[in-house]
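Architecture at a glance
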Number of protein chains: 4
Amino acid sequence: MIQAGALYEGRYLLGTSIARPCIAKGLIDCAIAEGADAIAHGATGKGNDQVRFELSMAALAPHLKCIAPWRNAAFRKEFPGRAEMIAYAEAHQIPVKASMKKPYSMDRNLLHISFEAGMLEDPWYDATTPADRDMYVLSTSPEEAPDKAEYVEILFEKGNAIGLRCDRLAAIVTELGDVQATGERDGYTLFAPYGIMRVLNFLGGAHGVGRIDIVENRFVGMKSRGVYETPGGTILLAAHRDLEALTMDRESMAIRDSLIPKYAQLVYNGFWFAPEREALQALVTQTQQTVSGEVRVKLYKGNIMNAGRRSPFSLYSEAVATMEGGQEEAYNQDDATGFIALNALRLKASARQKKP
Amino acid sequence: MIQAGALYEGRYLLGTSIARPCIAKGLIDCAIAEGADAIAHGATGKGNDQVRFELSMAALAPHLKCIAPWRNAAFRKEFPGRAEMIAYAEAHQIPVKASMKKPYSMDRNLLHISFEAGMLEDPWYDATTPADRDMYVLSTSPEEAPDKAEYVEILFEKGNAIGLRCDRLAAIVTELGDVQATGERDGYTLFAPYGIMRVLNFLGGAHGVGRIDIVENRFVGMKSRGVYETPGGTILLAAHRDLEALTMDRESMAIRDSLIPKYAQLVYNGFWFAPEREALQALVTQTQQTVSGEVRVKLYKGNIMNAGRRSPFSLYSEAVATMEGGQEEAYNQDDATGFIALNALRLKASARQKKP
Amino acid sequence: MIQAGALYEGRYLLGTSIARPCIAKGLIDCAIAEGADAIAHGATGKGNDQVRFELSMAALAPHLKCIAPWRNAAFRKEFPGRAEMIAYAEAHQIPVKASMKKPYSMDRNLLHISFEAGMLEDPWYDATTPADRDMYVLSTSPEEAPDKAEYVEILFEKGNAIGLRCDRLAAIVTELGDVQATGERDGYTLFAPYGIMRVLNFLGGAHGVGRIDIVENRFVGMKSRGVYETPGGTILLAAHRDLEALTMDRESMAIRDSLIPKYAQLVYNGFWFAPEREALQALVTQTQQTVSGEVRVKLYKGNIMNAGRRSPFSLYSEAVATMEGGQEEAYNQDDATGFIALNALRLKASARQKKP
Amino acid sequence: MIQAGALYEGRYLLGTSIARPCIAKGLIDCAIAEGADAIAHGATGKGNDQVRFELSMAALAPHLKCIAPWRNAAFRKEFPGRAEMIAYAEAHQIPVKASMKKPYSMDRNLLHISFEAGMLEDPWYDATTPADRDMYVLSTSPEEAPDKAEYVEILFEKGNAIGLRCDRLAAIVTELGDVQATGERDGYTLFAPYGIMRVLNFLGGAHGVGRIDIVENRFVGMKSRGVYETPGGTILLAAHRDLEALTMDRESMAIRDSLIPKYAQLVYNGFWFAPEREALQALVTQTQQTVSGEVRVKLYKGNIMNAGRRSPFSLYSEAVATMEGGQEEAYNQDDATGFIALNALRLKASARQKKP
């Protein structure tokens, strides 16, 4: 998904989009192991998650039935909304994170946490003030982040982050507790994807990176407003794009970029396991074969600053690009004359075309 | 261009792209007034600017000849590169901003300033350190920006920023000297586009907003590395996108977004006055009819934080989106059952399809 | 729609797609005039037409309710399918064109007629044999069409056909009875769109033009098989494309062409009155400003042969294109050297790139 | 290329586009075997072929130089155009097919033959009359084709035609002389791609299939007019598309279709061996995994009539599609109500949006 540069409506593709299909796959495996003929989920009838669960089920296990209580009128009569559900949970001492005091809802997974509903239902509401300091979970605010920048270097192989380098990496791994290095290469500590995400979430969160506040377009047809924290994913996206700039052919990138909105829309709408997502993925994967190398980013109070990139597969040539003399072998400036003349030919024809 | 959401290869579309066609247009008007039959420019044969100048000329004045000394072998023999040219300028006391001490080249216009060449020709070079503090012109670094955030509210009409609101606006206008308000509306001070850009450049620059460091793909076929400052443009792009999220139809946005890479590539490559750019513009302009309203952003040490948006043309409906009960008239959750079932139909058919 | 080159899944865009929104608009006008608060339609719950009716209603009159008996379980219990409905109609002497003898269904409008269901439900069934001669309504079969070709010349203005020229035009107009010329220009007889369609349907039908047999993808999620006759529309599409080739800029055409699948899908799926269709239309309309001129086609036993095109807005230049000598002013072949060299530059970089 | 549905500007992608890269590859292999350091070609400086040759060389053998005499001013002074070249060839008894009597130029390969220049330089010239009967090489005209239709059935595997069935197949193979069957399957005679093309060219040519007359847009910036015969390729394209309609998922097809103009443009412009063509190919190849099965077409005087398609990978379900009753298990018409309601939701919001 990082490889696809998955921006949805201009922002980083939200984590739930990909978490739901994964959960559906896990549930289906369980259901088949148990001999079940149906799966139930608690997603409301208004959101995207129901769609993501159920389209994933359709694609992976079309014989399983799906039960969605929130779309059952009798159930809804008893629980018209979140308020009643929270009250019921409190009355029956069922622990839930939402409360009438914190009326926004939260959804957390490895990639992000989202906040919706409650006071966020007013799009003019400013969620960056100290009043909402307690809402945020994965990140400190830029204003409370450390005054000192921190560098992290990321090693990529075929579009995937596989290693990290940063001064206090050992200490972070110890603090996280559930992450283990899988090896060393060229001075980088290698991790499985889980480890990469955990460490980058830690670093990004510490520096206030990855918070967004957006109005988005649910697949079921309505606009909604949400606030998200995606610290590690935001770093990955920026670093990956920076390495692509060095190693990916211009026109391959132009084609891939033109498909980002479609790819992101498919993922957002729940079509992760659909044939068209797999067709797009084949193109994206093809473009990533040379996206290997190193990226250095500097984290500081909400900023991810590009601070260098290099790769054995670099397409950048100092001999060609230099503004100093003596490289006519690599690039003959006279060629630009013909290049421009023929690109101009149809423009001149249009300019001379009789206008209606 | 802001309306088109003009990101080129994932980053904000550089200002030179649009400055060059404007300059070409100005030169052509002069040439015609003077009765000249040719225009000369000093762009090198390696860059994008020569293309932007000359394609603009082809589209606007196909009868004019173009003279480009840097693409003349005799001229180049005398001046093989920037080093010799700087030496010549120094020897003849011609004032130029590039020097052997500051070997990077600069290009400045209302929208941005760019830095290339020199030590930047190594893509692994970190340009964010205090060592290069003096290179930057339009912005302070995030690390040296004020510790206190500042809000600015922007009024848009049909996709264009027309007014600003911020605590110290009067003082900024006084300090800038060359900007005048054109009126008042709803508490906003109205400005011509020049004023909007000047004030936002001031504010963005003060807060370290809009610096980027990228490897890009020149139209003439090479990769190059550049550092840019675009303080006001970066604020405009973020604010405009935020208002679109509230006021633009989902599918119109999806189509527009799929065309951003093409639009941006055309502008970057110099096809501003080309018929295909005008065709795309017709679509973009159509999508902007309802992009009117207010956006509040918070500037802080390199961050542009979305902090609220509202519009009389809002497509957001709290009644539809709410997670509280009692709004079945606006949205009947039962509808999601059929919606998902028919979206799933072809996925089930694919799942059941015999696989090769 | 012709201007958009509206091919859906490789075939000419079917007429019902555009007829349904037109009908919906007419019904809404009636409903509003009558003070009605709902509209009913007889489309089944399986097809595209229900969607086209109801999305048009949503876009034009969101306050009106829609009643669709075929999606009412009680109604369907009484009439499970077409067979029962035909039987009912026969029993109550209601005249319908479908019958148990002709079990396929027909839908006719100015642009086309469609056939579905019945024996056509087997996609391997060959519908081109004499056995189905009686099914076809608007066209003779290519095999039974006249042995002599017939020319027709079409006059276009900004992408719209406005005039016709053909040897027996006066006789055709007389035979049609309901068509009147609106003027003369440059030897062409001018007609309103209705007249253009009627005459071209007559000519195309006579020469066996415009029959197709396809499997298509309904918006509700299923594949279906249909046979269509679109005689006049098929001529228009071929002639219009031919004139565009002469008068439309290459890159404008490339962008428009890349949007044809989306435009056609929107129209097919019922989004004629949707904002995204209007945004695309703005682009298409912009590209049509110079699509004025004449096209000559030759009709013969199912063939539409291009037989000449000319226009005052032609972008074709014999001086530039000629393979004869003496035109170096218009096109200098040496320019191709630089043009190719710079287009090759990134390919050489890729070729030299270390491969993983 | 057939898999990509390669239509360029609405017409079947011309054969030279793919023949040139193949020739370049062959020449490079020879050059490397011979230890040559350059390759020469005789393409003019005005056409597409020089670009296709040289971009292929850049991508495959960036170290080889290219010599193009037609772009050498000294050479051109001696031979300003085709007329002088033909005269020289006649004077020196060099056999060439172009002559002053047949001033059009021809280019033939396995996929097609093209005609350009001469009287064809007038786009209004009608090339379908008996006067030009002798120009055509690969096909009879529709008007002179047999009065009796002929069926051919084509067996596809993963998007490639691999077998043929037709009444007189054995006789055709004998007549062609250079084609051999490679096996039998399910009543089909299997052939290598060369055999498929040869047989379909024979059949298509006999029935007047695959002639086109177009104005096209050369990559070097000019419009030109050409007449082409592509009998076998036109059959393949029609048959392949028909099988896709039965076996390919709707949304995969929509994405692939949206990329056809780009794919075709790349091939036309000479970027066959470019990384972006390979990226697109990965997507196309992924969509072809289930495009296996049989297509029956009927050839008659220029027509290719679809006359049935079937496949073990069919996504068509008669149970779902039928208009007869009793299949509510497969498709519940009530689902359409919710499906339409949620698709209508944003249209209603737009309809109610305050308009500027």
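To be clear, the structure that these remarks concern was listed above.
Below is a summary of the structure that appears in this document. Quick caveat, the model's predicted, so the values are computed rather than measured.

This part is about the relation of the copies chain B and chain A. With an axial shift of 0.0 Å and an RMSD of 0.0 Å, the rotation relating chain B to chain A amounts to 180°. The two molecules are tied by a two-fold rotation axis, judged by turn and shift. Within chain B, the C-alpha atom positioned nearest to the axis of rotation is that of S258(B), 2.7 Å from it. Of the interface residues in chain B, 100% have counterparts in chain A that sit at the interface too, so the contact is made through matching surfaces.

The transformation that overlays chain D on chain C combines an axial shift of 0.0 Å with a rotation of 180°, and the residual RMSD is 0.0 Å. Interface overlap between copies: 100% of the residues of chain D at the interface are likewise at the interface in chain C, consistent with a symmetric, same-surface contact.

Attention now goes to the interface of chain B and chain A. On the side of chain A, 108 residues touch chain B, which itself brings 108 residues to the contact. Inspection of the chain B/chain A interface yields 8 salt bridges. Summed over the shared surface of chain B and chain A, the number is 40 residue pairs in polar contact (both at pLDDT 80 or more). Here the side of chain B that touches chain A takes 12 residues from helix α11 (residues 335-352) of chain B, the largest share from any one element. Its residues assigned to classes, the side of chain B that touches chain A shows 47 nonpolar, 25 polar and 36 charged.

To continue, consider the packing of aromatic side chains. If you walk through the whole model with that rule in mind, you get 26 aromatic pairs over all chains. With centroids separated by 6.0 Å and ring planes inclined at 70°, the aromatic side chains of F115(C) and Y136(C) adopt a geometry described as edge-to-face. Of this pair, F115(C) sits in strand β6 (residues 113-116) while Y136(C) is found in the loop between β6 and β7 (150-157), placing the two residues 21 residues apart along the sequence. Grouping residues by exposure puts F115(C) and Y136(C) together as buried. Among the aromatic residues, those joined into a ring-pair cluster are F219(A), F271(A), F339(B), F219(C), F271(C) and F339(D). Geometry around Y136(D) places R211(D) over its ring, the cationic atom sitting 3.6 Å from the centre. The cationic tip of R296(D) hangs over the ring face of W124(C); the distance from NZ or CZ to the ring centre is 4.2 Å.

Listed by partner, the interface residues are 107 residues for chain D and 108 residues for chain C. For the pairing of chain D and chain C, the buried interface totals around 9,800 Å² over both sides, and the portion due to carbon and sulfur atoms is 55%. Connecting chain D to chain C are 8 salt bridges. In this structure, E276(C) and R346(D) form a salt bridge, with 2.6 Å as the shortest nitrogen-oxygen distance. Classifying every residue of the side of chain D that touches chain C by side-chain character gives 47 nonpolar, 25 polar and 35 charged.

Here we come to the side chain of S252(A). Note that S252(A) resides in helix α8 (residues 250-269). Separated by 3.3 Å, the side chain of S252(A) and the backbone nitrogen of E276(D) make a polar contact. Residues in contact with S252(A), not counting those within four places in the same chain, are T287(A), P275(D) and E276(D).

Within the secondary structure, K301(D) is located in the loop between β13 (293-300) and β14 (303-310). The residues touching K301(D), leaving out its near neighbours within four places in the chain, are Y300(C), K301(C), N303(C), P142(D), E143(D), A145(D), P146(D), D147(D) and H207(D).

Counting residues in hydrophobic clusters, the biggest one holds 276 residues, and the most contacted among them are V199(A), L164(C), V199(C), L164(D) and V199(D). When residues no more than four places from it in sequence are discounted, the contact partners of V199(D) are L164(D), L169(D), I172(D), V173(D), L176(D), V179(D) and F191(D).

Residues and elements named next belong to chain C. Contact pair helix α2 (residues 49-60) / helix α8 (residues 250-269): the axes reach a minimum separation of 8 Å and the direction vectors enclose 90°. Classified by the interaxial angle, the pair formed by α2 and α8 is roughly perpendicular. Between α2, through V51, R52 and L55, and α8, the contact on the second element is made entirely by V267, Y268 and N269. Its residues assigned to classes, the contact of α2 with α8 shows 4 nonpolar, 1 polar and 1 charged.

Thresholds, definitions, all that
- Residues numbered from 1 in each chain as written.
- Chains lettered and ligands numbered in written order.
- Predicted model: local features only at pLDDT ≥ 70, side-chain atom pairs only at ≥ 80, totals over all residues.
- Heavy atoms only, no water.
- Least-squares fit on C-alpha atoms with pLDDT ≥ 70 in both.
- Contact = heavy atoms within 4.5 Å.
- Salt bridge = Lys/Arg side-chain N within 4 Å of Asp/Glu carboxyl O.
- Polar contact = N/O pair within 3.5 Å; in protein donor to acceptor, adjacent residues only side chain to side chain.
- Helix = DSSP H or I, 4+ residues; strand = E, 2+ residues; numbered from the N terminus.
- Nonpolar A, V, L, I, M, F, W, Y, C, P; charged D, E, K, R; others polar.
- Phe/Tyr/Trp six-rings, centres within 6.5 Å; stacked < 30°, edge-to-face > 60°.
- Buried < 20%, exposed > 50% of the residue type's maximum accessible area, 1.4 Å probe, protein only.
- Lys NZ or Arg CZ within 6 Å of the ring centre and 35° of its normal.
- Buried area = accessible area lost by both parts, 1.4 Å probe.
- Core = buried A, V, L, I, M, F, W, Y, C linked by side-chain atoms within 4.5 Å.
- Axes fitted to C-alpha atoms, helices over the stretch in contact; angles between N-to-C directions.
- Parallel < 35°, antiparallel > 145°, perpendicular 65-115°, else oblique.

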